[in-house]
Amino acid sequence: MAQPKYITDIDKLTHIPEKDRQKLKSITEKFVFRVNDYYLNLIDWNDPADPIRKLVIPNEDELGEYGRWDASDEDTNYVVPGCQHKYGSTALLIVSEVCGAYCRYCFRKRLFRNDVKEAVSDVEPGLQYIAEHPEISNVLLTGGDSLILGTPKLRTIFERLRAIDHVKIIRLGSKLPVFNPMRIYEDEGLLDLIREHSTPEKRIYVMAHINHPREITAEAIKGFEALHQAGAIVVNQTPVLRGINDDPTVLGELLDRLSWAGVTPYYFFVNRPVAGNKAFVLPLKEVYEIVEKAKALTSGLGKQVRLSMSHTSGKIEILAIENGKAYLKYHQSRDGDYGKFMTLDCPDEASWFDDLPGNKKYWEKPKKKTDAVKSVNAMPELPANIRIVKAATREGKQPISQGH
């Protein structure tokens, strides 16, 4: 199968009426747009509520007042440019600011601003930091999408990481198994690279981002199998999203189909309160009830999934929400509070840990570890080039190119 063609101009989507495309252009000025023809073919264009459509086609709520660019304060996790170290055993290398397509709910929308430079092409400072910290046994390559990188670039990173004895696991954060599975099963060089570096003692994990069962096509299953045959372990994580997978039947089917394909359901996440994400937000109580009903429809394999919030202070697992109370624990903790159990009041409208009365007694906002990475939360609401375009338009001048 030929590699898909990428589309970054909303005007090329003729399935959308021209008057609607014009409305969407103001959104793509603020939040970049990218998709490919393979994924577009999964959309039922006759259904305005199609969940695959909602995943990648801009929505007008993106311009509403909601959230922060960096809702989990990831800027405080950077130790050197391109490398985050929040939890003792795990480091993140931000290796790409490009994805196969841009999910409209993405919690790292900030990376796609052209005035944000958190992803790096030179990972050497991060690799040196990892080599100097023997507590780091896991390294996650993420961004953006790690499998957007060419195989030669991945080989360079893999070889450097495998030369560090204490790094046992390399993780690849990617949605390409469903955005562009052909990139996986047609690239023998990539599969050979995985075979070489995913061994019985030191595995490579692919952390897939599959949000809806309709993304699990015959091509996607072929990609999963190619990864399995190469020795990779594939797991899945997805937020629970209004209008996309906020139905127990849909989530239950997702858990089943992942399990059938040998992909371990890993995390269900609460959608982070990120700028532009208002359309996808659900109350915590509703998320918990949807997940529990979905788990009731699947086997014990599907029930392995954990429901968590990736908060500034750590991964907070939602154990139960009953009778106006949220029962939580730190599944991961920035400050070493692993396993700390919390009981907090849970108002019906609460949609994030910060919305729970009394949450602040359990955590403090962290301080930055390096000033080499600028906090996007301290930046203007719009990138400078877009502000110039808008000002020029108001003054009747010819706007400059935005050059996303």
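Throughout what follows, the structure given in this document is the object of discussion. (Residues numbered from 1 in each chain as written. Predicted model: local features only at pLDDT ≥ 70, side-chain atom pairs only at ≥ 80, totals over all residues. Heavy atoms only, no water.)

### Quick look at the overall build of the chain
Stage number 1. A tally of helices and strands in the chain yields 12 helices and 14 strands.
Stage number 2. Taking 22 Å as the expected radius of gyration for a compact globule of 404 residues, we find that the chain reaches 21 Å, a close match to that expectation.
Stage number 3. Expressed as lengths along the three principal axes of its C-alpha atoms, the size of the chain is roughly 60 × 55 × 45 Å.
Stage number 4. Counting only residues that meet the buried cut, the chain has 58% of its 404 residues in that class.
Stage number 5. Once local pairs closer than 6 in sequence are excluded, the contacts in the chain between residues at least 24 apart make up 73%.
Stage number 6. For the chain, the accessible surface area stands at approximately 17000 Å², while carbon and sulfur atoms represent 50% of it. (Helix = DSSP H or I, 4+ residues; strand = E, 2+ residues; numbered from the N terminus. Rg over C-alpha atoms; globule rule 2.2 N^0.38 Å. Buried < 20%, exposed > 50% of the residue type's maximum accessible area, 1.4 Å probe, protein only. Contact = heavy atoms within 4.5 Å. Areas by Shrake-Rupley, 256 points an atom, 1.4 Å probe, with all protein chains shown as cover.)

### Concerning empty space enclosed by the protein
Stage number 1. With the rule as written, the count across this model stands at 2 cavities of 30 Å³ or more.
Stage number 2. Volume-wise, the second largest cavity comes out at about 40 Å³.
Stage number 3. Surrounding the second largest cavity, Val 240, Val 270, Asn 271, Phe 280, Val 281, Leu 282, Val 287 and Ser 351 form its lining.
Stage number 4. Residue composition of the lining of the second largest cavity, by class: 6 nonpolar, 2 polar and no charged. (1 Å grid on protein atoms, 1.4 Å probe; cavity = no way out; pocket = protein on both sides within 12 Å on 5 of 7 lines; lining within 4 Å. Points joined across faces, edges and corners; volume = space filled by probe spheres on them. Nonpolar A, V, L, I, M, F, W, Y, C, P; charged D, E, K, R; others polar.)

### Overview of the state of the cysteines
By definition, a disulfide is the covalent link that joins the sulfur atoms of two cysteine residues.
Stage number 1. Scanning all chains against the criterion turns up 0 disulfides.
Stage number 2. The thiol sulfur of Cys 83 is not disulfide-bonded, and the nearest other cysteine sulfur, from Cys 99, lies at 19 Å.
Stage number 3. Owing to a relative accessible area of 0%, Cys 83 belongs among the buried residues under this scheme. (Disulfide = S-S within 2.5 Å.)

### Topic: the pattern of salt bridges
A side chain with one charge can pair with a side chain of the opposite charge if their charged atoms come near.
Stage number 1. Under the criterion given, the structure shown has 28 salt bridges.
Stage number 2. Asp 73 is the salt-bridge partner of Arg 68, the closest N and O atoms lying 3.0 Å from each other.
Stage number 3. Of the residues examined, Asp 73 reaches a relative accessible area of 4% and is grouped as buried.
Stage number 4. Among the ionic pairs, Asp 165 bridges to Lys 168, the shortest N-O distance being 4.0 Å.
Stage number 5. What makes Lys 168 partly exposed here is its relative accessible area of 34%.
Stage number 6. Overlapping salt bridges, with partners in common, bring together Asp 70, Glu 74, Arg 108, Arg 110 and Glu 118 in one network. (Salt bridge = Lys/Arg side-chain N within 4 Å of Asp/Glu carboxyl O.)

### Let's talk about a negative patch on the surface
Stage number 1. Where like charges cluster on the molecular surface, the negative patch consists of Asp 348, Glu 349, Asp 354 and Asp 355.
Stage number 2. Residue position: Asp 348 is located in the loop between β14 (341-345) and α12 (384-394). (Patch = residues over 30% accessible without salt bridge, like charges linked within 9 Å, V, L, I, M, F, W, Y side chains within 5 Å. Lys, Arg positive; Asp, Glu negative; His and termini not counted. Charge placed at Lys NZ, Arg CZ, Asp CG, Glu CD.)

### Regarding helix α10 (residues 248-260)
Stage number 1. Along its 13 residues, α10 runs 18 Å from first to last C-alpha, staying within 8% of the 18 Å computed at 1.5 Å per residue.
Stage number 2. All of the buried residues along α10 are Val 250, Leu 251, Gly 252, Leu 254, Leu 255, Asp 256, Leu 258 and Ser 259.
Stage number 3. With a side-chain oxygen positioned 2.7 Å from the backbone nitrogen of Thr 249, the residue opening α10 is Asp 247.
Stage number 4. Immediately beyond the C-terminal end of α10, within one or two residues, lies Gly 262, with a positive phi of roughly 80°. (Expected span 1.5 Å × (residues − 1). Polar contact = N/O pair within 3.5 Å; in protein donor to acceptor, adjacent residues only side chain to side chain.)

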